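The chain contents come next:
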Amino acid sequence: MSPIPVILDCDPGVDDAIAFLLAKQLPQLNVLAITSVAGNVSLEHTNYNALGLLEFLDWDIPVYRGAAGPVFRKRVEAAEVHGSNGMAGYDLPHARSEVEGVNAWDAIHQYALEQQGALEIIAIGPLTNLALAFLKFPDLPQLIKRIVIMGGSSDAGNATPAAEFNIYADPEAADIVFCSGVPVHMCGLDMTMKALMTPDELNQVAALGSKQAVFFRDVVQDIVRFMSRLGITGINMHDPAAVLYAADDSIFTAYPAGIRVETKGTITQGKTVTDLFSDAKWQKNGFVAMDIDREAFVEKVFELMSKY
Ligand code: BDR
Ligand code: CA
């Protein structure tokens with residue numbers, strides 16, 4: 001089977017960085033381009049980090065500048081988790097790279113036209129770029145095959161008790177994406193909280209010896225310390241799990257679901273209201289990933305990181 005043509009829409013971000021490391025080595029994916037968005041940190045930092053990551057990985061694909069903030073709201077960020085530059089203080093190489101002269105939503109439409117219905121989007125940040133693309137190009141839903149997101153939760157949130165960070169950062173954009181008509185596969189906290197790597201496993205990755213493997217372990221250490229204060233030993237691989245799901249969903253359990261986003265509630269805004277079995281029987285606009293085979297996930301990570 002030929003690899004899936006994808007755009008990786010992201011806000012790097014420490015776990016976005018790990019997603020880059022894995023995406024480059026996944027034979028099932030042909031990553032055509034990166035689109036950046038403000039999220040974990042400002043757009044200035046997410047652009048800079050995306051470019052730096054590609055250079056660090058010697059990966060020659062374009063980066064398109066996305067939205068500097070949400071559609072209707074004030075920007076929120078997660079610098080307390082990812083560090084003030086989004087990369088836990090790491091300053092990656094920047095000898096040759098620059099963002100393209102086309103913005104993210106125009107680029108998404110252009111690639112979608114070129115791929116004639118085969119393009120998939122993996123979105124691991126707030127969904128602002130995609131929403132703007134859908135608002136600007138009415139033909140876009142017919143041109144995109146599938147959207148896999150890291151975001152949301154059918155249950156508890158992490159940014160607030162109700163909302164996961166990527167959805168909370170731009171709830172209106174997320175709802176536009178869920179209502180776009182393109183099937184959305186929601187890799188949210190239900191599943192990604194189980195995609196845990198322990199400190200021992202991180203050390204074993206580093207022991208593979210490549211600079212990428214050592215970076216993998218070192219860049220997540222601040223988050224490991226952050227999580228330990230919440231009583232979690234290790235790091236939840238949110239964005240990497242979504243990328244692996246997009247490549248091969250065989251180690252995941254997902255169910256068809258109707259999903260909308262709460263945009264009005266005072267304490268529930270950003271909640272992904274997920275209909276799995278209610279009497280309301282919402283139209284199924286996507287899938288919600290509920291489980292992952294953690295051991296198989298960790299094995300996959302080792303397999304991919306051994307390629308460096
Ligand atoms: C998501 O929010 C960000 O902080 C991470 O990069 C991930 O995409 C987890 O809630
Ligand atoms: Ca992210």
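Cut-offs and rules
- Residues numbered from 1 in each chain as written.
- Chains lettered and ligands numbered in written order.
- Predicted model: local features only at pLDDT ≥ 70, side-chain atom pairs only at ≥ 80, totals over all residues.
- Heavy atoms only, no water.
- Salt bridge = Lys/Arg side-chain N within 4 Å of Asp/Glu carboxyl O.
- Helix = DSSP H or I, 4+ residues; strand = E, 2+ residues; numbered from the N terminus.
- Buried < 20%, exposed > 50% of the residue type's maximum accessible area, 1.4 Å probe, protein only.
- Pairing = 2+ DSSP bridges.
- Donors = N, O, S within 2.8 Å, 3.2 Å for Na, K, Ca; no water.
- Polar contact = N/O pair within 3.5 Å; in protein donor to acceptor, adjacent residues only side chain to side chain.
- Contact = heavy atoms within 4.5 Å.
- Near = heavy atom within 4 Å.
- Nonpolar A, V, L, I, M, F, W, Y, C, P; charged D, E, K, R; others polar.

Participant: Please clarify how the pattern of salt bridges should be interpreted in this entry.
Facilitator: Pairing is possible between side chains that carry opposite charge, provided their charged atoms lie close to one another. Tallying each qualifying case throughout the model produces 11 salt bridges. Between Asp175 and Arg260 there is a salt bridge, with its nearest N and O atoms 2.6 Å apart. Of this pair, Asp175 sits in helix 8 (residues 171-178) while Arg260 sits in strand 9 (residues 252-261), placing them 85 residues apart in sequence. Exposure remark for Asp175: the relative accessible area of 12% places this residue in the buried category. Residue classification places Arg260 among the partly exposed residues on the basis of a relative accessible area of 37%. The residue Arg225 makes a salt bridge to Asp222 at a minimum N-O spacing of 2.6 Å. One end of the pair is Arg225 and the other is Asp222, both in helix 12 (residues 221-229) and 3 residues apart, which spans about a single turn. Overall, the relative accessible area of 36% leaves Asp222 in the partly exposed class.

Participant: Any chance you could explain the pairing of strand 5 (residues 144-150) here in plain terms?
Facilitator: Working note: regular strand, side chains alternate between the two faces of the sheet. Most of strand 5 sits out of view: 6 of its 7 residues are buried. Summarising the sheet, strand 4 (residues 119-123) and strand 5 pair through 5 bridges and their orientation is parallel. Paired with Ile121 across the bridge in strand 5 is Ile147. Two strands pair when backbone bridges link them, and strand 5 and strand 6 (residues 184-187) are joined in this way by 4 bridges, in the parallel orientation.

Participant: Is there a simple way to explain the coordination of the calcium ion (ligand 2) in this structure?
Facilitator: Put simply, the ideal angle at a metal is 109.5 degrees for four donors in tetrahedral geometry and 90 or 180 degrees for six donors in octahedral geometry. At the metal site, the calcium ion (ligand 2) is ligated by Asp11 (OD), Asp16 (OD), Asp16 (OD), Ile124 (O) and Asp239 (OD), and these contacts range over 2.3 to 2.6 Å. On the primary sequence, the residues serving as donors to the calcium ion (ligand 2) are separated as D-x4-D-x107-I-x114-D. Highlighted residues: Asp16 in helix 1 (residues 14-25) and Asp239 in helix 13 (residues 238-247), separated in sequence by 223 residues. The pair formed by Asp16 and Asp239 is uniform in burial state, with each residue classed as buried.

Participant: Looking at this structure, I do not really get the sheet that holds strand 6. What am I missing?
Facilitator: Strand pairing in a sheet relies on backbone hydrogen bonds. The paired strands run either parallel or antiparallel. With mixed pairing, 9 strands are arranged side by side in an open sheet as 3-2-1-4-5-6-11-9-10. Both outer strands of the open sheet, strand 3 (63-64) and strand 10 (272-275), are each paired with one neighbouring strand and no more. Alignment of strand 9 against strand 10, held across 4 bridges, turns out to be antiparallel. Paired with Val261 across the strands is Thr272, a residue of strand 10.

Participant: Please explain the side chain of Asp175 as it appears in this structure.
Facilitator: In this structure the side chain of Asp175 is engaged in a polar contact, spanning 2.6 Å, whose partner is the side chain of Arg260. A distance of 2.9 Å separates a polar side-chain atom of Asp175 from the backbone nitrogen of Val261. Leaving out residues up to four positions away in the same chain, Asp175 has contacts with Arg260, Val261 and Thr263.

Participant: How should I be thinking about the site of ligand 1 in this particular structure?
Facilitator: In the vicinity of ligand 1, the contacting residues are Asp15, Asp16, Asn40, His82, Ile124, Met150, Asn158, Glu164, Phe165, Asn166, His238 and Asp239. Between ligand 1 and the protein, one listed contact pairs an oxygen atom with a backbone N or O atom of Ile124 at 3.1 Å. At the level of secondary structure, the elements contributing two or more residues to the shell around ligand 1 comprise helix 1, helix 7 (165-168) and helix 13. Each residue belonging to the shell around ligand 1 can be placed in one class, and the counts come to 3 nonpolar, 5 polar and 4 charged.

Participant: Looking at this model, I keep getting lost on the side chain of Asn40. Mind explaining?
Facilitator: Tracing the backbone through its elements, the reader meets Asn40 in the loop between strand 2 (29-36) and helix 2 (43-56). Take Asn40: its relative accessible area is 5%, and that puts it in the buried class. With near-sequence residues (within four places) excluded, Asn40 lies in contact with Asp11, Gly13, Asp16, Glu77, Ala78, Ala79, His82 and Phe165.

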